[in-house]
Amino acid sequence: MNPTVAIVGAGPAGLAAAAALTARGVRDIAVFDRDDTVGGLPRYCGHLGFGWEYSHRLEKGSAFIRRLIGETDLSRAALYPRTTVLEMAPGPVLRVVGPETGLREIRPKAVLVATGVRERPRAARLVPGARPERGVLTTGALQQMETRGIPMPGPRAVVIGSEHVAFSVLLTARHCGLKIVAMAEPGNRVLSLAVARPIARVVFGVPVFLNTEIEEIQGRATVEAIVLRTPEGLRRIPCDCVIFSGSFVPDAPLSEEAGLAIDPRTGGPVIDQFMRTSQPGVFAAGNLLRPVESSGVAACEGARAGACIAAFLAGHLDGTQAASVFGLGEGVRYLVPQRWAMDAVDLRDARPLRPSLRVSSDMEAARVTLATDGAVVWQGRRRRLLRERRIAINLDALPSGRPAAPRVDLVA
Amino acid sequence: MADYDVAIIGAGVVGCAIAREFSRYHLRAILLEANSDLCDEASKGNTATLATGNDTPVGSLERKLVVRGHQRYLAEGPSLGLPIRMVGAMTVAFDEAEARVVSEEVRSSRAEGFASVELLNADGIYARVPHLAPGAVAAAWAPDEGIVDGFSTAYAYALDAVVNGVDYRDSAPVTAAHRRDGVWTLTTPGGAVSARLVINCAGLRADHVEALAGYRDLTVKPRRGQYIVYDKRARRLVDVILRPAPTPTTRGVYIAPSIFGNVLLGPTAEEVPDPDDRRVTPEGIAQLTAAARRMLPALLDEPVAAMYAGMRPATEKPEYRIIPRFADGWLTCAGIRSTGLSGALGIAEYVAGLVVPEVVKAARKEAIKPARVPSLADPNIARPWTDAARVAADPFYGEMVCHCERVSVGEIRDALSGPIPVHSLKALKRRTRVMMGRCQGFFCGARVESMLRTGKP
Ligand SMILES: Cc1cc2nc3c(=O)[nH]c(=O)nc-3n(C[C@H](O)[C@H](O)[C@H](O)COP(=O)(O)OP(=O)(O)OC[C@H]3O[C@@H](n4cnc5c(N)ncnc54)[C@H](O)[C@@H]3O)c2cc1C
Ligand SMILES: Cc1cc2nc3c(=O)[nH]c(=O)nc-3n(C[C@H](O)[C@H](O)[C@H](O)COP(=O)(O)OP(=O)(O)OC[C@H]3O[C@@H](n4cnc5c(N)ncnc54)[C@H](O)[C@@H]3O)c2cc1C
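The structure presented is a predicted model; accordingly, all values stated were derived computationally and were not measured.

Conventions used here
As a convention, each chain's residues are numbered from 1 in the sequence order in which they are written. Throughout, the order in which chains and ligands are written sets their labels, letters from A for the former and numbers from 1 for the latter. Only residues with pLDDT of at least 70 get local features here, since the model is predicted, and only at 80 or more are side-chain atom pairs given and counted; chain-wide, interface and lining totals rely on the full set of residues. Where side-chain values are given, they derive from all heavy atoms of the structure, hydrogens and water being excluded. Helix and strand definitions here come from DSSP, where helices need a minimum of 4 consecutive H or I residues and strands a minimum of 2 consecutive E residues; each element is numbered from the N-terminal end. Just to be clear, the radius of gyration here is over C-alpha atoms, and the globule rule we use is 2.2 Å times residues to the power 0.38. We call two residues in contact when some of their heavy atoms are within 4.5 Å. The method behind every accessible area is Shrake-Rupley, applied with a 1.4 Å probe, and residues are considered shielded solely by the protein chains displayed. As used throughout, the charge tally considers Lys and Arg to be positive and Asp and Glu to be negative, leaving His and the chain termini uncounted. Note that the charge is assigned to NZ on lysines, CZ on arginines, CG on aspartates and CD on glutamates. By nonpolar core we mean a set of buried residues, namely Ala, Val, Leu, Ile, Met, Phe, Trp, Tyr and Cys, connected to one another through side-chain atoms within 4.5 Å. Burial classes: relative accessible area under 20% of the type maximum marks a residue as buried, over 50% as exposed, and values in between as partly exposed (1.4 Å probe, protein chains only). Counting of polar contacts relies on pairs of N or O atoms within 3.5 Å, with two restrictions inside protein: one atom must be capable of donating a hydrogen and the other of accepting it, and residues adjacent in sequence are counted only when both atoms are side-chain atoms. Whenever a pair of cysteine sulfur atoms sits within 2.5 Å, that pair is classed as a disulfide. Neighbouring residues are identified by heavy atoms, a residue being near a molecule or strand if any of them is within 4 Å of it. Note that Gly is not counted as nonpolar here; it falls among the polar residues with everything else outside the nonpolar set of Ala, Val, Leu, Ile, Met, Phe, Trp, Tyr, Cys and Pro and the charged set of Asp, Glu, Lys and Arg. An automatic or database domain assignment provides the domain bounds reported here. Summed over both partners, the accessible area (1.4 Å probe) lost when two parts come together is defined as the buried area. A pairing counts as a salt bridge when a side-chain nitrogen of Lys or Arg comes within 4 Å of a carboxyl oxygen of Asp or Glu. The predictor rates its confidence in each residue with pLDDT, a number between 0 and 100. Only strands that DSSP links by at least two bridges are regarded as paired with each other.

1. With respect to the overall build of chain A
Helices and strands together make up the secondary structure of chain A, namely eight helices and 30 strands. For 412 residues, the compact-globule estimate of 2.2 N^0.38 gives 22 Å, and chain A sits close to it at 22 Å. Taking all contacts inside chain A whose residues are at least 6 apart in sequence as the whole, residues at least 24 apart take part in 65%. For chain A, the exposed area adds up to about 16200 Å²; of that, 50% sits on carbon and sulfur atoms. Put simply, chain A has 51 plus and 40 minus side-chain charges, and the middle of one group is 4 Å from the middle of the other.

Given below as structure tokens:
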């Protein structure tokens, strides 16, 4: 086994990359996934809502994954589920272990890291109270339980958070006999927007507590109740499970331990518009880059990374990351890609990743500006900037030539 | 005739070590545990430091047994498969008053035979812990303090005991005790057990068990200790046990590397009425983070992997309460409050020495069967999946289920089929570390549940 390209993670990003690579004639691709089936997070979501940005269809998670696998020429790309990439070192060199591969070292020409995100569990949020053995879950764990046929700890659930994924729980709940008795959100509004509207019917009847923190979880062996600190005072809600939703973090330990430069703002590897990380030959895509985008966006990034890797293998693209770093103005929570190559690169059929950002807090009327060498070269239209929305900079290339010092600001 | 020569009530680390000790003799012994798994009370939530005993009261039984326990752990732990890392402990002084306390600790430790303990100046301190908060002036450095795996320790002792002939019963709370003609009959839901000698190692419930036999001279005063566990990334910040200078009332909050590669911040020390009240509280979290801010502020920027609270089986007296009541065929082994993990092998040897041959006549066995638990340490992991030949021979060792702690299907299968049964998720967690990492089951929780239910990957 000696692949030319190793893809770490067979979620939407990794699979779309494999499809893009095989479509460009690249052979000997190995796609590793440590889970027992490929597909990443969507394979556990039985409801509609996946892949829109990629395929312009709204599919179930599992159907979207089937689509991506269907687009991949499996004679050129081998899928290795149950196979973990343990370590990564410059070279690149990977150490993998799996029932089929055994424990071995591989030296591909290029690596794509697409290890995705996870939700922060209760402990990471420092939520006080008792620690029952069962019943305190994340959405991801709940959806896996549903898929794997594990009975729920009991019928009544309280959902913490109001990102899209919280509404994904409402949909899952219907399948597995859970009744959502309350939702609690620490912020002052529900964070899911577009998706929430069609779901509103389902949400109807579920009290949503805003500006609400968790006072404590109660129960010994199983959850008995949650006590919420609402603006109206403490409120004890009897329940059998507490589901912590959203609050995503990139699952970046492999990247961190490999010594890839990590952006403290995103928690994921620093990339440039060609998806190159700080280590030559190592690319990254998908929700590993930042928390969190939809599966369709992750797949689009994966496809771009696949095209960039094909260009790299063909000698059109250098393996070394761009030197210019975007300066970020006040209020920008993060921007991806963090670096930008000013030289024009002919990627043939691949387009570079468009910069997109998130704001730290909601801004009622503001615009995004992009400057090089102190002069504004692009500005977005003035609009409401919400912290959960991806704000794309609709620009495929910055003016080339140096020095450039690209910079993104928010102007009220 | 009694079923057993010795019945040990309570499979905490102390009861398990005592059971192992008796397995070295030609006698019949049983270990009775109330819960569905061993190590589920005081012994499950501690800092898991292997203490030398230099900060125990001078001249106390506790000191003697901790010193001996430490010595034996280093000698016997490795053959049981138990990992040990001798990271050393540093008691740090941030002002002149604290500096006097630590230099006195160094002086008295050295005078009492802890020859390796030394006083560090600021250079010595920051050379060992560059991320320590500024302003440290002096520290007591005890290089022989180590870190170990608390769960596996109790499990290894129990396994060794069982392999060498001790009977073990879980879900067997002793609810009554009666003595007739020199034989105790202990009532448990699964049936009565009779024994000539009973050893009460019931930890947090030792006073209840004492009361079953009519003794009322001991009261447990549970003392909770809360912890925050930082993700493995934090280990770059500190690789020694950091302790604040002790005050007359408390040893304070430690920052300690764990044998699993995390960093622990804790414990608090709060007397609580209910020994099962293992809540983590906002006040506790605030106290812990304040302690980190003072000693190692960089820790507060690290992601948290878990939180827990332990419960010390303290009594109304500060000392170990090892009370022979041999005229009644009873021995109390309680109040093993805050050094029991380190002291257990010392306690076990001492207890066996009291019992054999005066109370129970038994010869020592010539041949001991080996027992070994898998090492769960990180780094220096001796996990099956780090060995290409083992993975090739048994591919289940190559398939991970828990990705944060890297536990393979094969390791879970092994734990589920060991001689000491696993009945619950928490038991499986302690045997293998599944779900104990940063994601707390986001990735693997459902699959682990499924394996526990079906026994299949
Ligand atoms: C509960 C939940 C509900 C969601 N609902 C929706 C929705 O309704 N619509 C939508 O569009 N999006 C949804 N999302 C978001 C979206 O599905 C994911 O974020 C998307 O799957 C990201 O794709 P990815 O390829 O970047 O990562 P992932 O899908 O997370 O895939 C990463 C893969 O990498 C593998 N991996 C990680 N580390 C290693 C390693 N070291 N070795 C081998 N393999 C490794 C993992 O096993 C995993 O399969 C949801 C997310 C969650 C958690
Ligand atoms: C916060 C904290 C930090 C600590 N740090 C350290 C450290 O760093 N190093 C160190 O060496 N020590 C440390 N300790 C101390 C150590 O954990 C204890 O000394 C030790 O665990 C006590 O063990 P035990 O076996 O006496 O009690 P337990 O572990 O409580 O065992 C008693 C057992 O008896 C069982 N039982 C009770 N009643 C019955 C009944 N009626 N029938 C049958 N079974 C019964 C219980 O279920 C339990 O399993 C710490 C303790 C705490 C709480």
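And the narrative resumes.
2. Some thoughts on the nonpolar core
Counting 62 residues, the largest nonpolar core has I7, M88, L94, L112, M275 and F283 of chain A as the members making the most contacts within it. Top contributing element to this core by residue count: helix α8 (residues 295-313) of chain A, with eight residues. What L112 of chain A contacts, discounting residues up to four positions off in sequence, is A6, I7, V8, A13, G14, A17, F283, A284, A285, A305 and I309 of chain A. In this structure, I8, A48, A156 and A352 of chain B belong to the second largest nonpolar core, which totals 57 residues.

3. What about the environment of E302 of chain B?
Residues and elements named next belong to chain B. With respect to the helices and strands, E302 occurs in the loop between α7 (282-295) and β18 (304-312). Taking the relative accessible area as the measure of exposure, E302 reaches 6% and is therefore buried. Put simply, E302 and V263 are 39 residues apart on the chain and 9.9 Å apart in space, counted from C-alpha to C-alpha. Contacts of E302, omitting those with residues within four sequence positions, involve Y230, R233, A234, R236 and L237. Polar side-chain contacts of E302 include one of 2.9 Å to the side chain of R236.

4. Section: the state of the cysteines
Within the structure shown, the criterion is met by zero disulfides over all chains. Cysteine C176 of chain A remains unbridged, with the sulfur of C241 of chain A as its closest cysteine sulfur at 8.4 Å. Free cysteine: C201 of chain B, not disulfide-bonded; nearest cysteine sulfur from C333 of chain B at 4.5 Å.

5. With respect to the site of ligand 1
Residue and element names in this part refer to chain A. Neighbouring ligand 1 are 36 residues, the closest being A13, D33, G49, N287 and S295. D33 is positioned such that a nitrogen or oxygen atom in its side chain is 2.5 Å from an oxygen atom of ligand 1. Contacts to ligand 1 include R34, whose backbone N or O atom sits 3.1 Å from a nitrogen atom. Here ligand 1 has 990 Å² of accessible area as a free molecule, and 93% of this is covered by the chains. For the shell around ligand 1, the elements supplying multiple residues, two or more each, are α1 (12-23), β3 (48-50), β6 (84-89), α4 (139-147), α5 (164-176) and α8. Among the elements that make up the shell around ligand 1, the one with the highest residue count is α4 (three residues). Among the residues forming the shell around ligand 1, the class breakdown is 15 nonpolar, 17 polar and four charged. Each of two domains, domain 1 (5-118 + 249-411) and domain 2 (123-246), supplies a minimum of three residues to the shell around ligand 1.

6. A few points about the interface of chain B and chain A
Tallying the contact residues gives 43 residues for chain B and 40 residues for chain A. In this assembly, chain B packs against chain A so that about 3700 Å² is buried in total across both faces, 57% of it on carbon and sulfur atoms. When the buried surface of chain B facing chain A is broken down by residue, R438, F442 and F443 of chain B rank first, second and third, together holding 19% of it. Taking the shortest distance from any N to any O, the salt bridge between R220 of chain A and D274 of chain B comes out at 2.9 Å.

7. Digging into the domain arrangement of chain B
All names here are of chain B. When its domains are assigned, chain B resolves into domain 1 (1-85 + 147-219 + 317-376), domain 2 (86-146 + 221-312) and domain 3 (384-454). Between the C-alpha centres of domain 1 and domain 3 there is a distance of 28 Å. Between domain 1 and domain 3, the residue contacts involve 14 residues of the former and twelve residues of the latter. Roughly 1300 Å² is buried in total at the junction of domain 1 and domain 3, and carbon and sulfur atoms are behind 61% of that figure. Of all residues in domain 1, the largest losses of buried area upon contact with domain 3 belong to D37, F151 and L376, amounting jointly to 40% of the total for that side. In this assembly, domain 1 and domain 3 are joined by four salt bridges. Between D40 and K426 there is a salt bridge, and its shortest N-O distance comes to 3.1 Å. Our count for the contact surface shared by domain 1 and domain 3 stands at five residue pairs in polar contact (both at pLDDT 80 or more). When residues in the side of domain 1 that touches domain 3 are grouped by element, the largest group, five residues, is from helix α5 (residues 150-163).

8. Some remarks on the confidence of the model for chain B
Taken residue by residue, chain B gives an average pLDDT of 96. The fraction at 70 or more is 100%. Per the prediction output, this complex has pTM 0.96; the corresponding ipTM is 0.94.

9. Some remarks on the site of ligand 2
Residue and element names in this part refer to chain B. As a matter of local geometry, ligand 2 sits amid 39 residues, with E33, S43, T49, I336 and S342 nearest to it. Backbone polar atom of A34 to a nitrogen atom of ligand 2: 3.1 Å apart, as the coordinates give it. Against a free-state accessible area of 1000 Å², the protein chains account for coverage of 96% of ligand 2. Of all the secondary structure elements, the ones that give two or more residues to the shell around ligand 2 are α1 (13-22), β18 and α8 (340-355). Its residues placed into classes, the shell around ligand 2 shows 20 nonpolar, 14 polar and five charged. Both domains that furnish three or more residues to the shell around ligand 2 are identified here as domain 1 (1-85 + 147-219 + 317-376) and domain 2 (86-146 + 221-312).

10. What about the pairing of strand β8 (residues 102-106) of chain A?
All names here are of chain A. Pairing of strand β7 (residues 93-98) with β8 involves five bridges; the strand directions are antiparallel. Paired with G98 across the two strands is G102, which belongs to β8. Between β7 and β8, which pair antiparallel in sequence order, lie three residues.

11. Things to note about the pattern of salt bridges
All names here are of chain B. This model, assessed by the stated rule, comprises 67 salt bridges over all chains. Across the salt bridge formed by E76 and R72, the nearest N and O atoms sit 2.8 Å from each other. Taken together, the residues E76 and R72, both in helix α2 (residues 61-76) and four residues apart, mark about one turn of the helix. No difference in accessibility class separates E76 from R72, as the two residues are buried. Measuring nitrogen to oxygen at the nearest pair gives 3.2 Å for the salt bridge that ties D277 to R224. Of this pair, D277 sits in the loop between β17 (270-271) and α7 while R224 sits in strand β13 (residues 223-230), and the two are 53 residues apart along the sequence. By relative accessible area, which is 12% here, D277 ends up buried. Of the residues examined, R224 reaches a relative accessible area of 5% and is grouped as buried. It is possible to trace a salt-bridge network through shared partners that takes in R20, E21, R24, R68, R72, E76, D160 and E349.

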